[in-house]
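# Architecture and fold: a report
Single-letter residue listing:
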Amino acid sequence: VTLSELTALLAPVFMAYRPLKDLAKVFTALQKSMAGADRFFELMDQDMRLPEKENALEKKSFDKSIAVENVSFSYAPGQQVLKDINFEIRKGQTVAVVGETGSGKSTIANLIARFYDVSSGKIMIDGTDVRDCNIASLRKLIRIASICQKLHLPVRFKTFQMLREKICDSLRLIICGGAHLSQSI
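Residues numbered from 1 in each chain as written. Predicted model: local features only at pLDDT ≥ 70, side-chain atom pairs only at ≥ 80, totals over all residues. Heavy atoms only, no water.

## Brief notes about helix H2 (residues 105-112)
Within an α-helix, residues lying three or four positions from one another point in the same direction, as the helix has 3.6 residues per turn. The following threshold applies: Buried, partly exposed and exposed residues are distinguished by accessible area as a fraction of the type maximum, computed with a 1.4 Å probe on protein chains only: under 20%, between the cut-offs, and over 50%, respectively. Helix and strand definitions follow DSSP, with helices as H or I runs of at least four residues and strands as E runs of at least two, each counted in order from the N terminus.
Summarising burial for H2: 6 of the 8 residues are buried, a large majority. Positive backbone phi, at 60°, marks Arg 114, one or two positions downstream of H2.

## Description of the confidence of the model for the protein chain
Put simply, the rule is: Scored from 0 to 100, pLDDT records how confident the predictor is in each individual residue. Contact definition: two residues touch when any of their heavy atoms are within 4.5 Å.
Looking at the protein chain, the pLDDT average stands at 78 and 77% of residues meet or exceed 70. Mean pLDDT across the secondary structure elements of the protein chain bottoms out at strand E7 (residues 171-177), with 46, and peaks at strand E4 (residues 120-125), with 94. Taken as a whole, residues 166-172 scores under 50 in pLDDT and shows 18 contacts with residues more than four places along the chain or in a different chain. Below a pLDDT of 50 lies the segment residues 174-185, which in the model reaches 42 contacts outside its immediate sequence neighbourhood of four places, other chains included.

## A few points about the packing of aromatic side chains
Heads up, the condition is: Two aromatic rings from Phe, Tyr or Trp, using only the six-membered ring of Trp, form a pair when their centres are within 6.5 Å; if the ring planes differ by under 30 degrees the pair is stacked, by over 60 it is edge-to-face, and anything between is tilted.
One pass over the structure, following the stated rule, counts 4 aromatic pairs. With a centroid separation of 5.5 Å and 50° between ring planes, the pair formed by Phe 73 and Tyr 116 is classed as tilted. Here Phe 73 is found in strand E1 (residues 65-76), whereas its partner Tyr 116 is found in the loop between H2 and E4, with 43 residues between them in sequence. The class of Tyr 116 is partly exposed, set by a relative accessible area of 33%. Arranged with centres 5.2 Å apart and planes meeting at 90°, the rings of Tyr 75 and Tyr 116 form a pair that is edge-to-face. One end of the pair, Tyr 75, is in strand E1; the other, Tyr 116, is in the loop between H2 and E4, with 41 residues separating them in the sequence. Among the aromatic residues, those joined into a ring-pair cluster are Phe 73, Tyr 75 and Tyr 116.

Shown next, in the form of C-alpha cells:
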C-alpha cells in the first residue's frame, strides 16, 4: 500500500469524524431537551386552579376597603413567607409595598387577587372573604403595577405618579421592590 493509497483511504474517515462528533452532541442535547420537555408538560398538566365555591359571589364593585387579617402564607410546607400580616386599604387609597427582594411584596398582591389562598387568616373585600368571591369578578377589580428595580429613582417615582393618576376606582397597589420610594411617596 502506497502513501497516496493510504491517504485516499483515511481522508474520508478523518473528514467524517467532526460531523459525526457534532451529530452525537446534537443527539445528547436532544435527549436532555426531551427530558426537560417531559418535566415541563408534567407541570403544565397539573390542575393549578384554586377551588371556587359553587355559589361564589359575583363581586361587581369595590366600595369600602380591603382588610388583610392575621394572614400567613407558605409556598411550601415549613417555608413561611408571610406571618400574621394585618393592614387595611380604604377605597381610593394608594398603597406602595416597598421591601427587599423576597420579602413578600408580590405575594401580598397575589393573595389579594387570589392567585393563591392564604395558609391562615383571611382577606376581606368590603367585609366579604375573597374565598367566597368568584375569582374572575374579583380580579377585574384589582390592578397590580410592579415597578422594575433597574429603573432610576426619578423614573420610578414618575411611573408611580402616572399610575396614581390613571388607576382611579380600583385598588391601586404599587409594588416597589428595593425602590426606596418610602421617603418620596
